[in-house]
Amino acid sequence: MKNKILVVDDEKEIRDLLEINLLNEGYDVIKAKNGEEALEILEKEEIHLMVLDIMMPGMDGLEVCRRVRGKYNIPILMLSAKAEDMDKIQGIMTGADDYVCKPFNHLELIVRVRALIRRTYFLNNSMQASDNIIRIESMVIDKMQHKVTIDDKEIGLTAREFEILYLLASNRGRVFTTEEIFEKVWKEKYYQSNNTVMVHISRLRDKLEQHMEGNKIIHTVWGVGYKIEK
């Protein structure tokens, strides 16, 4: 079965260009011209990844992202004409997994789409069941199903949040620097003044702690990095 990608952008030219590029890579593509239409499609179709523009009239991409994260765990790649760091951080804080600025290089976008799909679906499904389950107190991390539960209640994490949690949980007691986390999870070279990891860990902590009565799972080692205790 082909992976199905939902492209959401108010500019027809962008939608059509993305459709051509993604179809050429073998993906199925569904297009939406606004946030409301995108949410309706998600109710009817099994979508594997969403390419979502931030700046749209009416319901913008950030609000769409928040609503999607309330119900679905699909990876989200956000598009924006703005390149400032705060725009990136705001997009990430709403639950996006990755970010590309307009005008984008179509090869870069395809590479990021492939990486998100591979990380979310294919790599996870190749894990052996014996290596798949990690238990920490009332939390269960299931790598095969890409799922985290606390007291049997599933916690909605983005693909990147899950990968960070799994990295720390599968190496309990080890301190990972921000640079190590970024390069292992994003598979890219870390650059200075990159707040991406900090923002993801902040969101991840909030999601976990609200279901664990405030108990801290991820600990900060000041001046070094982050770890989960043994």
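First, a word on scope: everything that follows refers to the structure included in this document. (Residues numbered from 1 in each chain as written. Predicted model: local features only at pLDDT ≥ 70, side-chain atom pairs only at ≥ 80, totals over all residues. Heavy atoms only, no water.)

Let's shift gears to the nonpolar core. Ranked by internal contacts, the top residues of the largest apolar core, which has 29 residues, are Met139, Ile141, Leu165 and Ile181. Secondary structure elements with two or more residues in this core: strand S6 (133–136), strand S7 (139–142), strand S8 (147–150), helix H6 (159–169), helix H7 (178–185), helix H8 (196–209) and strand S11 (225–228). The biggest single contributor to this core is H6, with seven residues. The residues touching isoleucine 141, leaving out its near neighbours within four places in the chain, are Asn132, Ile133, Ile134, Lys147, Val148, Phe162, Leu165, Tyr166 and Ala169. If you look at the next biggest cluster of nonpolar residues, it comprises 23 residues, including Ile30, Leu42, Leu52 and Leu62. (Core = buried A, V, L, I, M, F, W, Y, C linked by side-chain atoms within 4.5 Å. Buried < 20%, exposed > 50% of the residue type's maximum accessible area, 1.4 Å probe, protein only. Helix = DSSP H or I, 4+ residues; strand = E, 2+ residues; numbered from the N terminus. Contact = heavy atoms within 4.5 Å.)

The subject of this paragraph is the pattern of salt bridges. Tallying each qualifying case throughout the model produces 23 salt bridges. Among the ionic pairs, aspartate 9 bridges to lysine 102, the shortest N-O distance being 2.9 Å. Of the two residues, aspartate 9 sits in the loop between strand S1 (4–8) and helix H1 (12–24) while lysine 102 sits in the loop between strand S5 (98–101) and helix H5 (106–125), which places them 93 residues apart along the sequence. An identical accessibility class is assigned to aspartate 9 and lysine 102; each is buried. For glutamate 108, the salt bridge identified is with arginine 112, shortest N-O distance 3.0 Å. Linking glutamate 108 with arginine 112, this pair stays in helix H5, spanning four residues, or about one helical turn. Given the relative accessible area of 34%, glutamate 108 is considered partly exposed. A single network of salt bridges, built from pairs that share partners, joins Asp98, Glu108, Arg112, Arg160 and Glu188. (Salt bridge = Lys/Arg side-chain N within 4 Å of Asp/Glu carboxyl O.)

As far as function goes, none of this settles anything; it's purely spatial.
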